[in-house]
Amino acid sequence: MESRGAPVRGGGGRYRDAVTTPTPDTPDLTAALRAHVDDLFPAVQTDLEALVRIPSVSASAFDPAHVAASAEAVADLLRDAGLPEVQVLRSARPDASPGAPAVVARRPAPDGAPTVLLYAHHDVQPPGDPADWTSDPFVPTQRGERLFGRGAADDKAGVMAHVGALRALAALGEDPGVGVTVFVEGEEESGSPSFAQFLADHHELLAADVIVVADSTNWKVGVPALTTSLRGLVDGVVTVEVLDHAVHSGMFGGPVLDANLAMARLLASLHDDVGNVAVTGLTGAGEPEVDYVEEDFRADAGVLDGVRLAGEGTIAGRLWTKPAVAVIGLDATDVAHASNTLAPSAAAKLSVRIPPGVDPRSAEDALRAHLEAHAPFGARVTWTPGEQGKAFGAPADSAAMQAARAAFATAWGTDPVDIGVGGSIPFIADLLEAYPQAAVLVTGVEDPDSRAHGADESVHLGELRKVVLAEALLLRGLARG
């Protein structure tokens, strides 16, 4: 994307590239800010619960009126937090249809001061089968220290982290010394189709020196994390055809494998016998410095007893710095409606995660070549591309990262861990292309038991309280950076 509008305000890359030691707040000021966060937190929780009650699923099969209602609710929260400029905006998607409503709220920077962009999203994933939930997905329910509900963690907690930090700073009665822009997107869970156009339409409005993306996770409850790498994404649909129509399985079975079996053989070729990705050209990076204990991983992921983990190397490496291929959808004859016929075709949706350093286009070319080369018994294999997203890698010792480390250490009382995340946030590449001088910090409110996108999604309320304090401290730290 070509840059449009005014240049980025402030430091011209000082937060992205420079290495500094941030000046900490005085103990009295930090204690006062912590007290304000504690006093304000019941209202933060109440407002989060109100957001969770809005079923703002951005998927096309759901009522978009709920997403619009969610945007207006977020706009009201940001007005209440004291931001003087609040707008609900839309941009066009590639097919020219209107994108989902996003909220942009601003307090311009004082002369010579930097601007910080705080990102979150107010749309959520579909709830899935309500029977899989312990409580209604859109009725926020507290059990112990966790608040359950769709979006309670991903990412309405991120919205409330921004709102809570701004409220706490306002209660402190001091200007934080930075400009603040809050950008709350409304279609992240649908692939952010209008994101690039939104940046083009509102380039100057969103320009910043530091961008905080509150849509990731912490290491575990009690230990914060800064996400320094995210895998990229390639997905699409592979179709296997063996017949031009269904035929009797007894009369014709034997010489021809049905499409379901052919698809199974093709999908099996994507991994070797120990579970490593077997697609030539899908390479990995080095092993991370921190590892994920297998016992913890198995518990966090809900791996059944007796199921062996796939692949080789450290678990953290398999999650963060190596490719992964998953079948996330399958169109085949369903059991309830099966007849004694050979299926003529089958389709599977593949999701490929690629580590930093691998180009998504090259990864897709490698995947397509592998599928075509492994067509079982000459079956007709067709690849239909879907979404692509670049991986993300952040410098570990920039001025912005040092300010974040100091803020997180103060809020939690323990140093943050640098982590990678196996998931993808493709729009970060769009942000970096639009604002190449900006430093990007990827933070989050989730923890390994948050179950984002799944049933019984939840946020740990004690961790959310710490995130609110950490972000308030970070904003003050960036002003002094």
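This text follows the structure it describes.
Treat the numbers as computed from the prediction; the structure is a model and nothing was measured. (Residues numbered from 1 in each chain as written. Predicted model: local features only at pLDDT ≥ 70, side-chain atom pairs only at ≥ 80, totals over all residues. Heavy atoms only, no water.)

Before going further, it helps to spend a moment on the nonpolar core. Core analysis: the biggest nonpolar cluster contains 104 residues, and Leu78, Val459 and Leu464 have the highest contact counts within it. Broken down by element, the residue count for this core peaks at eleven residues, all from helix α14 (residues 461–479). Setting aside chain neighbours within four positions, we find Val459 in contact with Leu48, Glu145, Arg146, Leu147, Ala152, Ala153, Ala157, Val445 and Leu464. Of all hydrophobic cores here, the second largest spans 27 residues; its members include Leu270, Leu350, Val352 and Ala366. (Core = buried A, V, L, I, M, F, W, Y, C linked by side-chain atoms within 4.5 Å. Buried < 20%, exposed > 50% of the residue type's maximum accessible area, 1.4 Å probe, protein only. Helix = DSSP H or I, 4+ residues; strand = E, 2+ residues; numbered from the N terminus. Contact = heavy atoms within 4.5 Å.)

Further remarks concern the packing of aromatic side chains. Any pair of aromatic rings gets described here by the distance separating the centres and the angle formed by the planes. By the definition in use, this model includes ten aromatic pairs. Relative to Tyr292, the ring of Trp219 lies with its centre 5.8 Å away and its plane at 50°, an arrangement referred to as tilted. In this pair, Trp219 sits in the loop between β7 (210–217) and β8 (225–230) while Tyr292 sits in the loop between α8 (259–268) and α9 (294–301), placing the two residues 73 residues apart along the sequence. Ring geometry for Trp219 and Trp320: centres 6.2 Å apart, planes at 65°, overall edge-to-face. One end of the pair, Trp219, is in the loop between β7 and β8; the other, Trp320, is in helix α10 (residues 315–320), with 101 residues separating them in the sequence. (Phe/Tyr/Trp six-rings, centres within 6.5 Å; stacked < 30°, edge-to-face > 60°.)

Now for unusual backbone geometry. Keep in mind that most residues, glycine aside, have a negative phi and that most peptide bonds are trans. Of note, the bond from Asp154 into Asp155 is cis; its omega dihedral lies within 30 degrees of zero at 5°. Structurally, the position occupied by Asp155 is in the loop between β5 (146–148) and α4 (156–172). Located in the positive-phi region is Arg451, a residue other than glycine, with phi close to 55°. Looking at where Arg451 falls in the secondary structure, it is placed in the loop between β17 (439–446) and β18 (458–460). The exposure class of Arg451 is partly exposed, given its relative accessible area of 49%. Its identity is not glycine, yet His453 carries a phi of approximately 75°, on the positive side. Note that His453 resides in the loop between β17 and β18. The exposure class of His453 is partly exposed, given its relative accessible area of 43%.

Since the α-helix advances by 3.6 residues per turn, residues separated by three or four positions end up pointing in the same direction. The terminal C-alpha atoms of helix α12 (residues 399–412), which comprises 14 residues, lie 20 Å apart, in line with the 20 Å expected from a rise of 1.5 Å per residue. Counting buried residues in α12 gives eleven out of 14 residues, a clear majority hidden from the surface. Among the residues making up α12, those that are buried are Ala399, Ala400, Met401, Gln402, Ala403, Ala404, Arg405, Ala407, Phe408, Ala411 and Trp412. In the stretch just after α12, Gly413 is the one whose phi turns positive, near 80°. (Expected span 1.5 Å × (residues − 1).)

Here the focus is the pairing of β8. For β8, the tally of buried residues reaches six of six residues, placing the bulk of the element in the interior. Looking at chain direction, β8 and strand β16 (residues 417–421) are connected through five bridges and run parallel. Opposite Thr227, over in β16, you have Ile419 as the bridge partner. Inspection of the sheet shows β8 paired to strand β15 (residues 392–393) by two bridges, in the antiparallel sense. (Pairing = 2+ DSSP bridges.)

To continue, consider the pattern of salt bridges. Summed over the entire model, instances satisfying the criterion amount to 15 salt bridges. Across the pair Asp76 and Arg79 runs a salt bridge, and its minimum N-O distance is 2.9 Å. One end of the pair, Asp76, and the other, Arg79, are both in helix α3 (residues 64–80), three residues apart, so they sit about a helical turn from each other. On the basis of relative accessibility, which here comes to 45%, the residue Asp76 falls in the partly exposed class. Relative accessible area serves as the criterion here: at 41%, Arg79 is assigned to the partly exposed category. The partner of Asp80 in a salt bridge is Arg167, and the shortest N-O contact between them spans 3.3 Å. One end of the pair, Asp80, is in helix α3; the other, Arg167, is in helix α4, with 87 residues separating them in the sequence. When its relative accessible area of 53% is taken as the criterion, Asp80 is described as exposed. What emerges from the salt-bridge pattern is a single network uniting Asp47, Asp80 and Arg167. (Salt bridge = Lys/Arg side-chain N within 4 Å of Asp/Glu carboxyl O.)

So, on to the packing of α12 against α14. To characterise two packed helices, one gives the angle between the axes of the helices and the distance between these axes. Between α12 and α14, whose axes approach to 8 Å, the crossing angle comes to 140°. When the axes of α12 and α14 are compared, the pair comes out oblique. As α12 packs across α14, the resulting crossing turns out to be right-handed. For the pair formed by α12 and α14, the contact residues are Ala400, Ala403, Ala404, Ala407, Phe408, Thr410, Ala411 and Trp412 on the first element and Glu463, Lys466, Val467, Leu469, Ala470, Leu473, Leu474, Gly477 and Leu478 on the second. Partitioning the contact of α12 with α14 into residue classes produces 13 nonpolar, two polar and two charged. (Axes fitted to C-alpha atoms, helices over the stretch in contact; angles between N-to-C directions. Parallel < 35°, antiparallel > 145°, perpendicular 65-115°, else oblique. Left-handed = near helix turned anticlockwise from the far one by under 90°. Nonpolar A, V, L, I, M, F, W, Y, C, P; charged D, E, K, R; others polar.)

It is worth spelling out the side chain of Glu49 at this point. In this structure, Glu49 sits in helix α2 (residues 27–52). For Glu49, the contacting residues outside a window of four places in its chain are Pro140 and Leu147.

Let us now look at the environment of Gly253. Relative to the helices and strands, Gly253 is located in the loop between α7 (249–252) and α8. Exposure remark for Gly253: the relative accessible area of 33% places this residue in the partly exposed category. Look past the residues within four positions of Gly253 in its chain and what remains in contact with it is His248 and Leu342.

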